[in-house]
Amino acid sequence: MPTVSLLHTAKGRRLPMRPSEQVEVETARGIVGDRYHGARHRQVTIQSQQSLDEATEVFGAEVPAALTRRNITVSDGVVPQAPGSIIRVGPVVLEVVRVAAPCKLLDDTIGVGAQAALRRRGGSVCRVLEGGVVRLGDAVALDGVDESETLFGTADVG
């Protein structure tokens, strides 16, 4: 099962991302202390190390997680990008709003070609449905709802 491998926040735009061992995530608000806390839709960004490794291979050099400006990096797996997808990160429930498209500033901060290498590998932008404290090592469910759950909250409906 994937786990939280890195956590990053930035207090403002263009300020460096700072690593954390844990972050407080508020329902419908985002990560306390992050530049997007209180935003309507862009509350938390999430990416996978697996995608960063693929981008590194395409780019030909390391693509550091902190320089992609995503808040949560998970150890492996593919982060869902379809709007409405549900991701569980420890006690926190996130809903995917859209793809986190890499911006052209990545070519300045990481190197020319980084933006292209991260295309379709940049993770997702999410809103927070249920808050809580996320810690390094927390389990991550990239496929949303447990198999035993249904829309009715029980496996033996019908």
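Calculation notes
- Sequence order as written defines residue numbering, which begins from 1 separately in each chain.
- Local features in this predicted model are restricted to residues of pLDDT 70 or higher, and side-chain atom pairs are both shown and tallied only at a pLDDT of 80 or more, whereas totals for entire chains, interfaces and linings draw on every residue.
- Only heavy atoms go into the side-chain values, all of them from the structure, while hydrogens and water stay out.
- Strands are runs of DSSP state E lasting at least 2 residues, helices are runs of H or I lasting at least 4, and numbering of each runs from the N terminus.
- Partly exposed residues are those whose accessible area sits between 20% and 50% of the maximum for their type, while under 20% is buried and over 50% is exposed, using a 1.4 Å probe and protein chains only.
- In this description, contact between two residues means that some pair of their heavy atoms is separated by no more than 4.5 Å.
- The Shrake-Rupley method, run with a 1.4 Å probe sphere, supplies the accessible areas, and residue values consider only the shown protein chains as cover.
- Charge counting treats Lys and Arg as positive and Asp and Glu as negative, with His and both chain ends excluded.
- To locate a charge, take atom NZ for lysine, CZ for arginine, CG for aspartate or CD for glutamate.
- What pLDDT reports is the predictor's confidence in each residue, on a scale of 0 through 100.
- Buried residues of nine kinds, namely Ala, Val, Leu, Ile, Met, Phe, Trp, Tyr and Cys, make up a nonpolar core once their side-chain atoms join them within 4.5 Å.
- Here a cavity means grid points, on a 1 Å grid over the protein atoms only, where a 1.4 Å probe fits yet cannot get out; a pocket means an open set of points with protein on both sides within 12 Å along at least five of seven lines; lining residues are those with an atom within 4 Å of a point.
- Grid points are joined across faces, edges and corners, and a volume is the space filled by probe spheres set on the points.
- Three residue categories are used. Nonpolar comprises Ala, Val, Leu, Ile, Met, Phe, Trp, Tyr, Cys and Pro, charged comprises Asp, Glu, Lys and Arg, and polar comprises the others, including Gly.
- Any two strands with at least two DSSP bridges between them are considered paired.
- Every axis in this analysis is a line fitted to C-alpha atoms, fitted for helices over the stretch in contact. Angles between the N-to-C directions lie between 0 and 180 degrees.
- Nitrogen and oxygen atoms within 3.5 Å of one another constitute a polar contact, given that in protein one can donate a hydrogen and the other can accept it, and given that sequence-neighbouring residues count only through two side-chain atoms.

1. Some words on the overall build of the protein chain
Piece 1. Broken down by element type, the protein chain carries 3 helices and 11 strands.
Piece 2. Counting from the amino terminus, the protein chain carries its helices and strands in the arrangement β-β-β-β-β-α-β-β-β-α-α-β-β-β.
Piece 3. For the protein chain, with 158 residues in total, the buried portion stands at 42%.
Piece 4. The long-range fraction of contacts in the protein chain, counting pairs at least 24 apart against all pairs at least 6 apart in sequence, stands at 71%.
Piece 5. Of the roughly 8,500 Å² of accessible surface on the protein chain, a fraction of 51% belongs to carbon and sulfur atoms.
Piece 6. The average position of the 18 basic charges and that of the 19 acidic charges among the side chains of the protein chain differ by 13 Å.

2. Quick notes on the confidence of the model for the protein chain
Note that predicted coordinates carrying low pLDDT should not be read in detail.
Piece 1. Residues with a pLDDT of 70 or more make up 91% of the protein chain, whose mean pLDDT is 90.
Piece 2. This model gives residues 146-158 a pLDDT under 50, and the stretch forms 6 contacts once residues within four places in sequence are excluded.

3. Overview of the nonpolar core
As a rule of thumb, soluble globular proteins bury nonpolar side chains together.
Piece 1. Counting 20 residues, the largest nonpolar core has V25, I46, I72, I87, V89, L94 and V134 as the members making the most contacts within it.
Piece 2. Elements supplying a minimum of two residues to this core: β1 (4-9), β3 (22-26), β5 (44-48), β6 (72-74), β7 (86-89), β8 (92-99) and β9 (124-130).
Piece 3. Looking at this core element by element, the count peaks at 3 residues for β8.
Piece 4. The residues touching I72, leaving out its near neighbours within four places in the chain, are V4, L6, L7, V44, T45, I46, Q47 and V89.
Piece 5. Residues L52, A55, I110 and A114 belong to the second largest nonpolar core, which totals 10 residues.

4. Observations regarding the layout of surface pockets
Piece 1. Its volume calculated, the largest pocket comes out at about 500 Å³.
Piece 2. Along the wall of the largest pocket there are 20 residues; nearest its centre are R14, R35, R69, C103 and L105.
Piece 3. The element contributing the most residues to the lining of the largest pocket is helix α2 (residues 105-109), with 4 residues.
Piece 4. When grouped by side-chain class, the residues that make up the lining of the largest pocket number 10 nonpolar, 2 polar and 8 charged.

5. What about the environment of A82?
Piece 1. Along the polypeptide, A82 turns up in the loop between β6 and β7.
Piece 2. The class of A82 is partly exposed, set by a relative accessible area of 44%.
Piece 3. The spacing of A82 and V58 is 24 residues in sequence and 24 Å in space, taken between C-alpha atoms.

6. Topic: the sheet that holds β5
Piece 1. Strand order in the open sheet formed by 8 strands is β2-β1-β6-β5-β9-β8-β7-β11, with mixed pairing between adjacent strands. Bordering the open sheet on either side are β2 (18-19) and β11 (140-141), each of which pairs with just one other strand.
Piece 2. Examined bridge by bridge, β7 and β11 share 2 bridges and lie antiparallel to one another. Across the sheet, the residue bridging to R88 is A141, located in β11.
Piece 3. Of the strands in this sheet, β5 and β6 touch helix α1 (residues 49-59), which is tilted by about 60 degrees from β5.

7. A short note on the side chain of N71
Piece 1. For N71, the position within the fold is in the loop between α1 and β6.
Piece 2. Within the structure, the side chain of N71 is placed 3.3 Å from the side chain of D34, a separation counted as a polar contact.
Piece 3. The residues touching N71, leaving out its near neighbours within four places in the chain, are L6, L7, H8, T9, M17, I31, D34, R35, Q43, V44 and T45.

8. What to know about the sheet that holds β3
Piece 1. Taken in spatial order, the 3 strands of this open sheet run β4-β3-β10, and their pairing is antiparallel. Each of the sheet's edge strands pairs with one partner strand only, and the pair in question is β4 (30-31) and β10 (132-135).
Piece 2. Where β3 and β4 come together, 2 bridges link them in antiparallel fashion. Bridging across to β4, V25 finds its partner in I31.

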